[in-house]
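Reading the structure
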Amino acid sequence: MTVQASARAVTARSAIMRAAERLYATEGFAGVSIRQIGEAAGQRNKSAVQYHFTSRDELVKAILAEHAEAMEVHRLAMMSRLGEPGGMSPRDRIRCVVLPHIEHHIDLGVPSWYGRFLAQVVVEPALREYAVSVHLERPSLRRLYDATREPGEPDPGRTARREAMTRVLIVHMCAELERDLAAGDAPASGRDLAAGHATAASAATAWRRLGDDLVTAVCGLLGALRSDPR
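Residue indices follow the written sequence of each chain, beginning from 1 at its first position. Where totals are concerned, whole chains, interfaces and linings use all residues; where local detail is concerned, this predicted model gives features only for residues with pLDDT of at least 70, and gives and counts side-chain atom pairs only at 80 or more. To obtain the side-chain values, all non-hydrogen atoms of the structure were included, while hydrogens and water were left out.

1. What about unusual backbone geometry?
- The omega torsion of the bond from Val110 to Pro111 falls at 0 degrees, within 30 degrees of zero and hence cis.
- Numbering of helices and strands runs from the N terminus, with a helix taken as a DSSP run of H or I at least four residues long and a strand as a DSSP run of E at least two residues long. Here Pro111 is to be found in the loop between α5 (90–108) and α6 (114–121).
- The residue Thr54 is not glycine, and still its phi comes out positive at about 70 degrees.
- With respect to the element layout, Thr54 can be found in the loop between α3 (48–53) and α4 (56–82).
- Burial classes follow relative accessibility: with a 1.4 Å probe on protein chains only, a residue under 20% of its type's maximum area counts as buried, one over 50% as exposed, and anything between as partly exposed. Assessed through its relative accessible area of 59%, Thr54 is described here as exposed.

Take a look at the structure:
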């Protein structure tokens, strides 16, 4: 493959991934065909999506992996400042779980679709397990979760439930704010009247406010579950 052809392939893959992310976020999986994705991505060849990704699931997995890698960069930077998870305060560990999602959303700008896309993926039976594993297999996140586990936990299922509750809260609250920012409905968003969307600065403020609230909510949730006499 020539350098020029390779560059075209990378451009096509990226266009397909962005189109799929947007369509799945706004229309759901049942409402979007592979052909629609190719057309939205500006691909003349009707088989372009299958050529680059072989299947819908492989396309979705590529999108998830790309975002997980971007969040890992933010998380590793935070952890390098705070040290090993075992030496962190419980709140700092939760911050390292939550805030990379927030900073990644800020990087994406407005409008973005990843939050709503991920919310669709985690309720899609064929993709849910992969969506969970692609994040948990990241070394930094696994270390954080392992550090929060209580030694001698009599009910290992409770650990899994705590992680699931944390995940659901983060995923769906991010999807809610992303939708509101895209629609110009976020409270005190300082909307750019020309574009109809929040400005970059006001969107970043809204995301960081959500991040602070999520950290507090997750800390409260985990604290309440640990104090439960069961």
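So that's the structure; there's more coming.
2. Examining the nonpolar core
- To form a nonpolar core, buried Ala, Val, Leu, Ile, Met, Phe, Trp, Tyr and Cys residues must be joined to one another through side-chain atoms within 4.5 Å. Tyr24, Ile37, Leu59, Val60, Leu64, Phe117 and Val121 are the most contacted members of the largest nonpolar core, which has 32 residues in total.
- Of all the secondary structure elements, the ones that give two or more residues to this core are α1 (3–27), α3, α4, α6, α7 (128–136) and α9 (156–183).
- The leading source of residues in this core is α4, at eight residues.
- What makes two residues a contact is simply this: any of their non-hydrogen atoms within 4.5 Å. Beyond its immediate chain neighbours, meaning those up to four positions away, Val60 contacts Tyr24, Phe29, Phe117, Val121 and Leu127.
- Judged by nonpolar contacts, the second largest core, of 26 residues, contains Met88, Val97, Leu177 and Trp207.

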